[in-house]
Amino acid sequence: MDQLIQGPNALENYLILAALLFACGIFAMVSRRNAVGILMGVELILNAAGINFVAFARFGHDKVDGNQLDGQIFTLFIIVLAAAEAAVALALVLAVFQTHRTISLDEVDEMKA
């Protein structure tokens, strides 16, 4: 608990937050039956990775004059990737909903062998 009292200037706080987001994302992906819930889990996992990148860039020991922006650049790519993934995946969900009238992945059996 002493780490939480230090405030936002401790790497452990960011890593705990990222681990909680990652665990929530995994739980959402495993427990949800519909495609929107699974997509929300993927977004949580990507956000957890972005928090880790920024935290390690902020508290990293390999900085040169304090101008190391690798974590922020990687996180920017993650945000762009998540936006593109959400657009494509939601378009696929809408297409499946138009043909099957459900977004439950268990009931869509068109691809089953």
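Residues numbered from 1 in each chain as written. Predicted model: local features only at pLDDT ≥ 70, side-chain atom pairs only at ≥ 80, totals over all residues. Heavy atoms only, no water.

## So, the side chain of Thr-75
Next, step 1: The residue Thr-75 is located in helix 4 (residues 70-100) in this model.
Next, step 2: Beyond its immediate chain neighbours, meaning those up to four positions away, Thr-75 contacts Gly-50, Phe-53 and Val-54. (Helix = DSSP H or I, 4+ residues; strand = E, 2+ residues; numbered from the N terminus. Contact = heavy atoms within 4.5 Å.)

## Digging into the packing of aromatic side chains
Next, step 1: Scanning all chains against the criterion turns up two aromatic pairs.
Next, step 2: Aromatic pair Tyr-14 and Phe-59: ring centres 5.8 Å apart, planes at 40 degrees, arrangement tilted. Of this pair, Tyr-14 sits in helix 2 (residues 11-31) while Phe-59 sits in helix 3 (residues 35-59), and the two are 45 residues apart along the sequence.
Next, step 3: Under the relative-accessibility criterion, Phe-59 is labelled buried at 19%.
Next, step 4: Ring plane angle 25 degrees and centroid distance 5.3 Å describe the contact between Phe-53 and Phe-74, whose orientation is recorded as stacked. Here Phe-53, found in helix 3, pairs with Phe-74, found in helix 4; they are 21 residues apart in sequence, far enough to count as distant.
Next, step 5: With a relative accessible area of 45%, Phe-74 lands in the partly exposed category.
Next, step 6: Here the basic side chain of Arg-58 rests over the ring of Phe-59, its NZ or CZ set 4.8 Å away from the ring centre. (Phe/Tyr/Trp six-rings, centres within 6.5 Å; stacked < 30°, edge-to-face > 60°. Buried < 20%, exposed > 50% of the residue type's maximum accessible area, 1.4 Å probe, protein only. Lys NZ or Arg CZ within 6 Å of the ring centre and 35° of its normal.)

## Some details on a nonpolar patch on the surface
Next, step 1: Where nonpolar side chains cluster on the molecular surface, the patch consists of Phe-53, Leu-69, Ile-73, Phe-74 and Phe-77 and spans about 520 Å² of accessible area.
Next, step 2: It is helix 4 that contributes the most residues to the nonpolar patch, three residues altogether. (Patch = residues over 30% accessible without salt bridge, like charges linked within 9 Å, V, L, I, M, F, W, Y side chains within 5 Å. Areas by Shrake-Rupley, 256 points an atom, 1.4 Å probe, with all protein chains shown as cover. Salt bridge = Lys/Arg side-chain N within 4 Å of Asp/Glu carboxyl O.)

The analysis is restricted to geometry; functional conclusions fall outside its scope.
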